[in-house]
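The primary structure of each chain is shown beneath.
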Amino acid sequence: MIIGSHVAMKAPKMLVGSAQEAHSYGANAMMIFTGAPQNTRRKDTSEMKIEEGKKLLEEYGINNIIGHAPYIINLGNTVKPQNLQFGIEFMQGEIKRCDALGIQALSFHPGAHLGKGPDVALKQIAEAMDEIIDENQNVSIAIETMAGKGTEVGTSIEQIAQIFDHCQKNDKLSVTIDTCHMSDAGYDIKNDFDGVLNEFDHILGIGKISVVHLNDSKNEQGSHKDRHDDIGFGTIGFDALNYVAHHPQLEQVPKIMETPYVKKDENDKKGVPAFKEEIDMLRSQQFDPEMKNKLMAK
Ligand code: FE
Ligand code: FE
Ligand code: ZN
């Protein structure tokens, strides 16, 4: 099982700190943002401690490195053309950073149509991808399946396929399937993951999946909410997520958790990550309903 979580990459340790954090969870994969997820300020790769970080990653046996593009890039924005241009230029830089960091796939939120309807947005995203993609890049841009919050696009496998269809350089595109997002979008991840995977295979081909975001959901199937929950504590549940994590057709695909930190109470602002405990449960294939209580007692 290739499994890990998102980890921080911050000064001064940068990639070295990311490797140490992932190792502390017992992970063999990790996902990083190249800077803060909410903004587009980025350090130069010369300041990211890349050589030292890569050495550590190799030593720890963490050999699946995923990236995530910032949330605020919206290539589907047909209302403000200047935003589109900014997004394209940012993503061109992001690809260079990913290749320097050794990131194999970059999870990417396709965007939002802002009232103009998904078709125009999806076409614009595909055309933007043709400008962004460098034929010689190593990183694959892994378009993420979205929950359908607001006017998000990419909420169905068909919509993701529309991006592939309109993009000439789609050999550099792949897909991130997020279990929370797909359940929130209406797919039956809980009871019929094989049915969903089959549908994906017919429309795009299973081989296009380069990343799985393994998250439980706080809301019911079809809720269009996008609020992640800890593995086994949400509406999808442990058995279904464990099934995804160990699925033979997804064996080579890294599973990345973006589950919330566990908090003592409402006054606990930060909380503590449960990634180590979640990885342990998935490795042993055994849910521990007391996991959060034990973690809080530590
Ligand atoms: Fe995401
Ligand atoms: Fe995700
Ligand atoms: Zn999400």
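Numbers given for residues are sequential positions, taken from 1 along each chain in its written order. Whichever chain is written first becomes A and whichever ligand is written first becomes 1, with later ones labelled in order. Given that this is a predicted model, residues contribute local features only at a pLDDT of at least 70 and side-chain atom pairs are listed and counted only at 80 or more, while totals for whole chains, interfaces and linings are drawn from all residues. Water and hydrogen atoms play no part in the side-chain values, which are based on all heavy atoms of the structure.

Caption draft 1: Examining the coordination of the iron ion (ligand 1) more closely. Coordinating donors are taken as N, O and S atoms within 2.8 Å of the metal, stretched to 3.2 Å for Na, K and Ca; because water is absent from the atoms, sites can appear incomplete. Bound to the iron ion (ligand 1) on the protein side are H68 (NE2), H109 (NE2) and E144 (OE), at distances that span 2.1 to 2.3 Å. The motif formed by the donor residues of the iron ion (ligand 1), counted along the single chain, is H-x40-H-x34-E. A separation of 3.1 Å is found between the iron ion (ligand 1) and the iron ion (ligand 2), which share E144 as a coordinating residue. Taken together, the residues H68 in strand β3 (residues 64-68) and E144 in strand β5 (residues 140-144) connect sequence positions 76 residues apart. Judged on exposure class, the residue H68 and its partner E144 are both buried. In this description a helix means any DSSP run of H or I spanning at least four residues, a strand means any run of E spanning at least two, and both kinds are numbered starting from the N terminus. The classification of residues rests on relative accessible area computed with a 1.4 Å probe and restricted to protein chains. Under 20% of the type maximum is buried, over 50% is exposed, and intermediate values are partly exposed.

Caption draft 2: Quick peek at the pairing of β3. Burial analysis of β3 places 5 of its 5 residues in the buried class, which makes it a mostly covered element. Side-chain alternation along β3 places N64, I66 and H68 on one buried face and I65 and G67 on a second face that is also buried. Two strands qualify as a pair provided that DSSP identifies no fewer than 2 bridges between them. In terms of strand pairing, strand β2 (residues 29-33) meets β3 through 5 bridges, oriented parallel. Residue pairing for β3: I32 is matched across the bridge by G67. As paired elements, β3 and strand β4 (residues 105-108) share 3 bridges and run parallel to each other.

Caption draft 3: Main features of the coordination of the zinc ion (ligand 3). Surrounding the zinc ion (ligand 3) are the protein donor atoms H181 (NE2), D226 (OD) and H228 (NE2), at 2.0 to 2.3 Å. Spacing between the donor residues of the zinc ion (ligand 3) along the chain follows H-x44-D-x1-H. The iron ion (ligand 1) is placed at 5.3 Å from the zinc ion (ligand 3). One end of the pair, H181, is in helix α6 (residues 179-185); the other, H228, is in strand β9 (residues 228-229), and 47 residues separate them in sequence. Of the two residues, H181 and H228, neither departs from the other in class, the shared state being buried.

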